[in-house]
Amino acid sequence: MMKTTFTLAGLFAVALPLTTLAHPIESPQGGLDADPAFDIVETRVIADKNNLVFSIKTAGIAGSLKPTATGNLAGSEVYAYVWPTSLDSSLVGFEKEQGILAFTVTAHPDFDDTPLFDENADGDKGNDGDLWHSHWVVLTPDEACGKGGLKVRDIAEGTTPKLPKTWPGLPILIDSPGWSPTLEGKEISVTVPFEEVGTGLGDQFDGVTSALRVNRNIHNPLLCVSAVFDIASGDLSLPGGISDGTH
C-alpha cells in the first residue's frame, strides 16, 4: 500500500462556499496506488430528512484492513475513512470556525476513544477501538506533523473551549457520537442524525482514506495525519455537493 505524504495546498486553498453539485464524487480506480480496501471509487453525502448519510465505495472490501496492534498508545496508528466538509465546526458542538470539520470512521487497536459506548457488547466500554466507529474531528495545519502537515486540532493547556456533549475527554477537537458505520462489501456508510431539517444542503465535501499516528510524546500535536491512501477528488478541492437524495 502506498502511503502518500499529506499536504494541505488543495484543502486550504479552496474558497468556500463552492457551487453545489447534486451528485457524488466519482473517482478512477487505482487512486494513489492504494490497497483496494482504501481505493475510493465513489463518495457521497446525502441529506435525508433530519439525517446526513455519509458513504464511500471502494474497489475492494471496505474496512477489511486495520492497523497492526503495537501494545502502546504512543506511536500507534489509526486507519480512517474521512469526509472533509465545508460545514462549520459549531454545527456539532465546537466553537465556530475552528478548522475543517470532517466526519470520519476509524479503527485503532491500541486505544479506545468512545468511552460512552460498548461497541463489542462485552460489558467493557474501553476495549473496542479496533472496531470501526465514527467521529467528528476538526483538522488544522501544523508543520510539526511534517511539511504541509495536518492534525486533529489540539486543545491548548489551560483553555476550556466549547465541546460536544459526547467529547471523549482527549485534549483534541474530536467528538465520539456513537453513530455506527455499516460495512457492506465495497461500501462503508453512516447515518448521522441532526435536529435541523436539511442540515448541510449547499455545503461541500470530499473523500479521503488515510492513516493517522499518535505522537510518540503523546503531546501537542497529539494526532497527525501521517499518510494518505486515496483522495476522491484527487486534489482535496471539496467538489462534492451535499444533495437532498433526489439526485
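Residues numbered from 1 in each chain as written. Predicted model: local features only at pLDDT ≥ 70, side-chain atom pairs only at ≥ 80, totals over all residues. Heavy atoms only, no water.

### Description of the sheet that holds strand β2 (residues 40–48)
For step 1, the next point in the chain: Overall, antiparallel pairing links the five strands, which are arranged β1-β2-β3-β10-β9 in an open sheet. Bordering the open sheet on either side are β1 (25–26) and β9 (182–184), each of which pairs with just one other strand.
For step 2, the next point in the chain: With eight bridges joining them, β2 and strand β3 (residues 51–58) adopt antiparallel strand pairing. By the bridge assignment for β3, Glu42 is matched with Lys57. (Pairing = 2+ DSSP bridges. Helix = DSSP H or I, 4+ residues; strand = E, 2+ residues; numbered from the N terminus.)

### Focus on the environment of Pro67
For step 1, the next point in the chain: One can find Pro67 in the loop between β3 and β4 (77–84).
For step 2, the next point in the chain: Pro67 sits 43 residues away from Asp110 along the chain, and the two C-alpha atoms are 9.0 Å apart.
For step 3, the next point in the chain: Residues contacting Pro67, with those up to four places away along its chain left out, are Glu77, Val78, Tyr79, Ala107 and Pro109. (Contact = heavy atoms within 4.5 Å.)

### Some remarks on the state of the cysteines
For step 1, the next point in the chain: In total, this model carries one disulfide according to the counting rule given.
For step 2, the next point in the chain: The disulfide bridge from Cys145 ends at Cys224, spanning 2.0 Å between sulfur atoms. Here the S-S torsion is close to -70 degrees, and the disulfide linking Cys145 with Cys224 is therefore left-handed. Taken together, the residues Cys145 in the loop between β6 (133–141) and β7 (150–152) and Cys224 in strand β13 (residues 223–231) connect sequence positions 79 residues apart. You'll find Cys145 and Cys224 in the same group, each marked buried. (Disulfide = S-S within 2.5 Å. Buried < 20%, exposed > 50% of the residue type's maximum accessible area, 1.4 Å probe, protein only.)

### Section: the pattern of salt bridges
For step 1, the next point in the chain: A complete count under the given rule lists five salt bridges for this structure.
For step 2, the next point in the chain: Here Glu42 and Lys57 are joined by a salt bridge, their closest N and O atoms 3.8 Å apart. Note that Glu42 is positioned in strand β2 and Lys57 in strand β3, a separation of 15 residues in sequence.
For step 3, the next point in the chain: Look at Glu42 and you get buried, because its relative accessible area is 12%.
For step 4, the next point in the chain: Of the charged contacts in the structure, one is a salt bridge between Asp142 and Lys151, with a shortest N-O distance of 3.0 Å. (Salt bridge = Lys/Arg side-chain N within 4 Å of Asp/Glu carboxyl O.)

### Re the layout of surface pockets
For step 1, the next point in the chain: Estimated volume of the second largest pocket: approximately 320 Å³.
For step 2, the next point in the chain: Counting only elements with at least two residues in the lining of the second largest pocket, the list comes to β4, β5 (100–107), β6, β7, β12 (208–214) and β13. (1 Å grid on protein atoms, 1.4 Å probe; cavity = no way out; pocket = protein on both sides within 12 Å on 5 of 7 lines; lining within 4 Å. Points joined across faces, edges and corners; volume = space filled by probe spheres on them.)

### Side note on the pairing of β4
In regular strands, side chains alternate between the two faces of the sheet.
For step 1, the next point in the chain: With eight of eight residues buried, β4 is to be regarded as a mostly interior element.
For step 2, the next point in the chain: What you see with β4 is no split at all: Glu77, Tyr79, Tyr81 and Trp83 on one side and Val78, Ala80, Val82 and Pro84 on the other are buried throughout.
For step 3, the next point in the chain: Across six bridges, β4 lies against β12 in antiparallel orientation. Following the sheet pairing, Tyr81 is matched in β12 by Thr209.
For step 4, the next point in the chain: With six bridges joining them, β4 and β5 adopt antiparallel strand pairing. Bridge pairing in β5 places Ala80 opposite Thr106.

### A closer look at unusual backbone geometry
For step 1, the next point in the chain: Omega for the peptide link from Asn220 to Pro221 comes to 0 degrees, which places this bond in the cis form.
For step 2, the next point in the chain: Mapped onto the elements, Pro221 comes out in the loop between β12 and β13.
For step 3, the next point in the chain: Phi is positive for Glu97, close to 55 degrees, though the residue is something other than glycine.
For step 4, the next point in the chain: By secondary structure assignment, the location of Glu97 is in the loop between β4 and β5.
For step 5, the next point in the chain: We classify Glu97 as exposed; its relative accessible area is 69%.
For step 6, the next point in the chain: Despite not being glycine, Ile218 has its phi angle at roughly 45 degrees, a positive value.
For step 7, the next point in the chain: Ile218 sits in the partly exposed class, given a relative accessible area of 42%.

### Focus on the confidence of the model for the chain
For step 1, the next point in the chain: When the pLDDT values of the chain are averaged, the result is 86; 86% of them are 70 or greater.
For step 2, the next point in the chain: Considering only residues more than four positions removed or in separate chains, one finds that residues 12–22, a stretch of pLDDT under 50, has 26 contacts. (pLDDT = per-residue confidence, 0-100.)

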